[in-house]
Amino acid sequence: MATDIKDTVHAVEAAAVMGLLPARPQLLALGEPTHGEDALLDLRNELFRQLVEQEGYRTITIESDCLRGLVVDDYVTSGTGTLDEVMEHGFSHGFGASAANRELVRWMRAYNVRADNDERPASERLRFAGFDGPLEITHAASPRQALTALHGYLSPRVDADLLPCTGETLDRLLGADDRWTHPEAMMDPARSVGQSAEAGQLRLLADDLVALLDTQIPHLITETSRDDWDRARLYGRTATGLLRYHHWMADTSAARMTRLCALRDLMMAHNLLATAARGPALVHAHNSHLQREKSTMQMWQGPVEWWSAGALVSARLGEGYSFVPTALGTIRHQGVDTPPPDTLEGLLYALPDDHCVIDAPRLATALGGTWPAPRVSPWFGYAPLAPAHLADCDGILFVKDVSQN
């Protein structure tokens with residue numbers, strides 16, 4: 001068996017990864033089993049550089065707030081703002097503090113400025129996107145930014161009689177933003193305003209604004225640009241997604257958290273599909289959001305399961321979606337020590353390579369249908385790879401030891 005496993009090993013290079021795939025994907029999804037480890041992000045950065053230089057990829061999208069991501073994209077594409085400002089305001093979930101994320105943004109901006117200090121043509125420019133909703137563990141954002149930006153895009157460009165409401169009406173219905181972001185609402189449905197009369201009216205208005213955007217596309221893409229229209233579509237997706245999410249935050253049924261987890265991944269999936277329509281992209285997020293199987297989580301009221309963004313997108317794109325999760329051996333600074341030899345990570349840990357790409361289907365064949373034992377993590381922040389998921393992976397990036405940043 002050891003010889004067969006060694007035959008599945010490749011260098012961590014874009015060409016090796018692409019060689020494992022049945023077709024050149026629109027979305028190459030690289031997962032990680034834990035957040036906050038720059039050693040993993042450094043490998044992601046190098047893989048993205050190679051995809052740009054060798055395979056013509058032009059976009060990277062990560063598990064970060066899609067609206068904040070516009071700040072990063074503006075800097076990368078046109079130099080708007082400073083790098084410090086972008087790292088402070090362009091990321092959610094604390095990802096702006098990462099040195100590896102900072103290096104990614106710096107390199108992308110440098111790539112987009114040619115040696116003669118001219119900007120690259122738009123078709124050659126690197127793009128950045130966040131594909132998560134404006135959602136944190138403690139709260140969901142107010143829909144104000146997305147709704148008002150969508151209304152602001154439409155109002156000077158379409159007949160006023162077609163607009164379903166004025167900006168003043170939106171402002172009145174939205175009220176104070178802290179009504180929407182109350183931290184107790186995540187645990188207590190009674191603290192959510194998502195099923196108030198005002199929220200119900202806003203859901204209808206958001207739907208009408210998105211419909212207006214779609215019915216006016218021939219005019220709008222000549223009046224502004226396809227990029228501006230794409231951004232307005234993002235505002236529309238985000239407004240409707242947030243209002244739907246807030247509605248179900250006010251739900252008192254047993255399905256509440258299952259529905260909220262599913263709706264978050266649905267927002268992710270919609271953003272990923274929009275990114276795929278622009279051209280091939282590298283996607284980076286937690287394995288659980290990118291896998292083709294259902295995701296599961298143990299919560300205070302019991303286990304919940306839902307279809308991940310990767311499962312939703314894979315069902316739509318087929319071979320246009322590829323998934324390469326990351327598995328790892330140790331994170332000793334978090335108490336994750338050498339994996340037991342009878343686990344999947346243990347089998348890979350016995351290989352001599354510090355990091356490598358594994359041909360997952362060939363590894364599954366080498367294992368002969370007998371799955372290794374599942375690894376149990378001593379630390380809540382790390383999720384081992386489920387051996388039964390191996391056959392649905394296109395490859396595995398294995399990192400032997402993750403050292404402290």
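Here the structure is a predicted model, which means the values were calculated and not measured.

S.K.: Any chance you could explain the pattern of salt bridges here in plain terms?
M.R.: Pairs can form between side chains of opposite charge whenever their charged atoms are close. The full count for this structure, using the stated rule, is 21 salt bridges. Between R264 and E63 there is a salt bridge, with the nearest N and O atoms lying 3.3 Å from each other. Remark: E63 occurs in strand β3 (residues 59–65) and R264 occurs in helix α12 (residues 256–278); sequence separation between them is 201 residues. Between R68 and D65 there is a salt bridge, with its nearest N and O atoms 4.0 Å apart.

S.K.: I would appreciate a short explanation of the nonpolar core in the present structure.
M.R.: If you look at the biggest cluster of nonpolar residues, it comprises 43 residues, and the most contacted ones within it are L28, F48, V105 and M108. Every element with two or more residues in this core is listed here: α2 (14–19), β2 (27–32), α3 (38–55), β3, α4 (69–78), α5 (83–89), α6 (99–112) and β11 (396–401). With 6 residues, α3 is the single largest residue contributor to this core. Counting residues in each nonpolar core, the second largest holds 33 residues, with L272, A276, A327 and A364 among its members.

S.K.: What should I look at first to understand the sheet that holds strand β8 (residues 321–324) in this one?
M.R.: The 5 strands are arranged β4-β3-β5-β2-β8 in an open sheet whose pairing can be described as parallel. Strands at the two margins of the open sheet, each flanked by one partner only, are β4 (127–132) and β8. Direction aside, neighbouring strands of the sheet carry axes that sit 25° apart on average. As judged from the 5 bridges shared by β3 and β4, these two strands associate in the parallel manner. Looking across to β4, one finds that I60 is bridged to F128. The sheet strands contacting α12 are β2, β3, β4 and β5 (281–286), and the helix crosses β4 at an angle near 155°.

S.K.: Looking at this structure, how should I read the pairing of β3?
M.R.: Along any regular strand, the residues point their side chains to alternate faces of the sheet. Most of β3 sits out of view: 7 of its 7 residues are buried. With 4 bridges joining them, β3 and β5 adopt parallel strand pairing. Directly across from T59, in β5, lies its bridge partner A281.

S.K.: What am I meant to see in the environment of A360 here?
M.R.: Looking at where A360 falls in the secondary structure, it is placed in helix α16 (residues 360–366). Here the alpha-carbon distance between A360 and L41, two residues 319 residues apart in the chain, equals 21 Å. Dropping the residues within four chain positions of it, A360 is found in contact with L390, C393, D394, G395 and I396.

S.K.: Sorry if this is basic, but what is going on with the sheet that holds strand β9 (residues 326–330) here?
M.R.: Working definition: the strands of a sheet are paired by backbone hydrogen bonds and lie parallel or antiparallel to each other. One open sheet accounts for 4 strands, arranged β1-β10-β11-β9; its pairing is mixed. Looking at strand neighbours, the two that pair on one side only are β1 (9–10) and β9, the edges of this open sheet. Both strand β10 (residues 355–358) and β11 contribute to a ladder of 4 bridges, which runs antiparallel. Its bridge partner being in β11, V357 is matched across the sheet by L397. Each of β9, β10 and β11 touches α3; the most contacted strand, β11, lies at about 140° to it.

S.K.: I would appreciate a short explanation of the packing of aromatic side chains in the present structure.
M.R.: Given two aromatic rings, their pairing is described by the distance between the two centres and the angle made by the two planes. In total, this model carries 4 aromatic pairs according to the counting rule given. With a centroid separation of 6.1 Å and 80° between ring planes, the pair formed by F48 and W107 is classed as edge-to-face. Remark: W107 occurs in helix α6 and F48 occurs in helix α3; sequence separation between them is 59 residues. F48 gets classed as buried once you look at its relative accessible area, which sits at 0%. The class of W107 is buried, set by a relative accessible area of 12%. Three or more aromatic residues joined by ring pairs form one cluster here, namely F48, W107 and Y111. In this structure, R49 packs its charged tip against the face of W107, placed 5.5 Å from the ring centre. K400 extends its terminal NZ or CZ atom over the ring of Y349, reaching a point 5.2 Å from the ring centre.

S.K.: Quick question: what am I supposed to make of unusual backbone geometry here?
M.R.: In most cases, non-glycine residues show a negative phi, while peptide bonds are predominantly trans. The phi torsion at H93 lies on the positive side, around 60°, for a residue other than glycine. Tracing the backbone through its elements, the reader meets H93 in the loop between α5 and α6.

S.K.: Help me understand the pairing of β11, please; the structure alone is not making it clear to me.
M.R.: Most of β11 sits out of view: 5 of its 6 residues are buried. Across 4 bridges, β9 lies against β11 in parallel orientation. What sits directly across from A327, in β11, is F398.

S.K.: It is not clear to me how the packing of α4 against helix α11 (residues 226–249) should be interpreted in this structure. Could you clarify?
M.R.: A pair of packed helices can be characterised by two numbers: the angle between their axes and the separation between those axes. Remark: α4 packs on α11, axes separated minimally by 13 Å, with the N-to-C direction vectors making an angle of 165°. By the angle between their directions, the pair α4 and α11 is classed as roughly antiparallel. Taken as a pair, α4 and α11 cross one another with a handedness that is right-handed. In contact with L70, D73 and D74 of α4, α11 contributes R231, L234 and Y235. Considered class by class, the residues forming the contact of α4 with α11 number 3 nonpolar, no polar and 3 charged.

Procedures and definitions
- Residues numbered from 1 in each chain as written.
- Predicted model: local features only at pLDDT ≥ 70, side-chain atom pairs only at ≥ 80, totals over all residues.
- Heavy atoms only, no water.
- Salt bridge = Lys/Arg side-chain N within 4 Å of Asp/Glu carboxyl O.
- Helix = DSSP H or I, 4+ residues; strand = E, 2+ residues; numbered from the N terminus.
- Core = buried A, V, L, I, M, F, W, Y, C linked by side-chain atoms within 4.5 Å.
- Buried < 20%, exposed > 50% of the residue type's maximum accessible area, 1.4 Å probe, protein only.
- Pairing = 2+ DSSP bridges.
- Axes fitted to C-alpha atoms, helices over the stretch in contact; angles between N-to-C directions.
- Contact = heavy atoms within 4.5 Å.
- Phe/Tyr/Trp six-rings, centres within 6.5 Å; stacked < 30°, edge-to-face > 60°.
- Lys NZ or Arg CZ within 6 Å of the ring centre and 35° of its normal.
- Parallel < 35°, antiparallel > 145°, perpendicular 65-115°, else oblique.
- Left-handed = near helix turned anticlockwise from the far one by under 90°.
- Nonpolar A, V, L, I, M, F, W, Y, C, P; charged D, E, K, R; others polar.

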